[in-house]
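Residue-level structure breakdown
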Amino acid sequence: MRGPGRWWRGKTTPAKVETYTRASFHSFAVMEFCSVGVTSAVPLGPRLGGWVLLMVGVHAAVCFATVSRAVDWTRGRRPQPVGLMWTLAAVTAVISVAAIGIAERGPGGESADTAAGGVFGVVLIFGPGIIALGVRDRRRAFGIAAGFALGGGIVALAFGAPAQAALVTAVIVLAGGGFIAFTAVFSVWLLNAVYELDEARETRTRLAVAEERLRFGRDLHDVMGRNLAVIALKSELAAQLAQRGRPEAVAQMVEVQRLAQESQREVREVVRGYREVDLAAELAGAQGVLAAAGIDCTVSGRTPAGLPAGVQSALGWVVREAATNVLRHGDARRCVVELQVREGRVVLSVENDGVTAAENGVPGSSGTGLAGLRERLAKIDGTLEAGPAGRGLFRLRAEIALPSAASPAGSAAAREVDEVGG
């Protein structure tokens, strides 16, 4: 039981919906074979029943193959199975005609007629319903079911059935085939919608990264644009003054040097602003981003007063990386972030469900985000643990030692321990 459960939990939501859709329509073929194929063998006798069982088995096998190819076509993995759909339609027509012939001119007997009628009705219901999986137009899908129902009524009349009985047969086949066709159309729509939503979530994540890069580029442009323009102008002026032997050229070059140093300082400040993140801002940002992605994110605890800037920056990076992993890996529906200060150490824990084998940090993953976090935390006497935390859960836990209690930061952290712990 552990293996199948892990296989199912390792699938994303779209993959689960696709698996469920395939299994549902494959079960129709199995139900057809078991309900009318096997049960008709005894009433129709060994020989005729064996042929009917074989025909129903062939029809179920063609239905089974059509479901697989049609779902693959829906997801763009294969061409439309036109030939297989025509084959299913032909097999359905042949078996239904044979079944109504057996019912009208077969060995006779109520049980034999019931068995043949069951084969006739079930084949005509499941056949067009399965064919509808491979059709995009909803009206065409329902038209196929209506066509088979009309054909069934005409065949019943041709074999001598009363007009009222033929009409009832057509209505029953239309209702059953229409229901299966509606199920097929709705299942395809739902499957495509789930995949599109998943792609939209990935696109939103990529756009957020791109927007951050653009913001960084704009900040650098604002910082460097003016200074570089002034440096270029003063360098040109200094060159002209030097060509004329004017002593003012030295003053202009000194100004160029000052502007270059000022630009270096401003660039460092911009980069430092991105590297030294604020923990409280990252916690709020992560909660907002995850909530926008439909993930219930709960944050417990609060940023202790007096935490060193380096500790806050490192924990902020942990929150940022954890939120990114929750968005990009697995299929999370819930995320819990917990921040605590105890016994001179600050502990940050991020736990989410929906973990898959591809999630960053799971053994065997090729991601480097957690490795970079470990290096960053190691520089400030911190550790990082990441791995499964139960069935379908993943936990990221960062722990950093705080300064001694004698320092002001340590005293403030110690006071915060009582508040958080109490």
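The sections below set out a description of the structure shown in this document. As the structure is a computational prediction, the values presented were derived from the model and not from experiment.

Core analysis: the biggest nonpolar cluster contains 51 residues, and Phe 25, Val 119, Ile 130 and Leu 133 have the highest contact counts within it. Mapped by element, the contributors of at least two residues to this core are helix H2 (13-38), helix H3 (46-74), helix H4 (82-105), helix H5 (110-131), helix H6 (138-158) and helix H7 (163-243). Tallying contributions element by element places H5 first for this core, with 12 residues. Each residue touching Leu 133, except ones within four places of it in the same chain, is listed here: Phe 25, Val 67, Ala 70, Trp 73, Thr 74, Ala 184 and Val 188.

Here we take up the sheet that holds strand S4 (residues 382-388). What the 5 strands build is an open sheet, ordered S1-S2-S3-S5-S4; its pairing is mixed. What marks the edges here is a single partner per strand, and that holds for strand S1 (296-300) and S4. In this sheet, adjacent strand axes meet at a mean angle of 10 degrees when their direction is disregarded. In the sheet, strand S3 (residues 345-353) pairs with strand S5 (residues 393-401) via 9 bridges, with the strands oriented antiparallel.

Glancing now at the side chain of Glu 351. Along the chain, the position of Glu 351 falls in strand S3. A distance of 2.7 Å separates polar atoms of two side chains, one belonging to Glu 351 and the other to Arg 395. If we ignore the near neighbours within four places in the chain, the residues touching Glu 351 are Arg 334, Cys 335, Val 336, Ala 389, Leu 393, Phe 394 and Arg 395.

Relative to the helices and strands, Met 31 is located in helix H2. For Met 31, a relative accessible area of 44% gives the class partly exposed.

Attention now moves to the packing of aromatic side chains. One pass over the structure, following the stated rule, counts 4 aromatic pairs. Ring plane angle 35 degrees and centroid distance 5.7 Å describe the contact between Phe 186 and Trp 189, whose orientation is recorded as tilted. Of this pair, Phe 186 and Trp 189 both sit in helix H7, separated by 3 residues, roughly a single helical turn. On the basis of relative accessibility, which here comes to 42%, the residue Phe 186 falls in the partly exposed class. In textbook terms, an aromatic cluster arises when at least three aromatic residues are bridged by ring pairs, as seen for Phe 25, Phe 28 and Phe 126. A cation over a ring is seen here: Arg 75 above Tyr 195, with NZ or CZ 3.8 Å from the ring centre. The aromatic ring of Trp 317 is capped on one face by Arg 320, whose charged end is 4.7 Å from the ring centroid.

What counts as what
Residues numbered from 1 in each chain as written. Predicted model: local features only at pLDDT ≥ 70, side-chain atom pairs only at ≥ 80, totals over all residues. Heavy atoms only, no water. Core = buried A, V, L, I, M, F, W, Y, C linked by side-chain atoms within 4.5 Å. Buried < 20%, exposed > 50% of the residue type's maximum accessible area, 1.4 Å probe, protein only. Helix = DSSP H or I, 4+ residues; strand = E, 2+ residues; numbered from the N terminus. Contact = heavy atoms within 4.5 Å. Pairing = 2+ DSSP bridges. Axes fitted to C-alpha atoms, helices over the stretch in contact; angles between N-to-C directions. Polar contact = N/O pair within 3.5 Å; in protein donor to acceptor, adjacent residues only side chain to side chain. Phe/Tyr/Trp six-rings, centres within 6.5 Å; stacked < 30°, edge-to-face > 60°. Lys NZ or Arg CZ within 6 Å of the ring centre and 35° of its normal.

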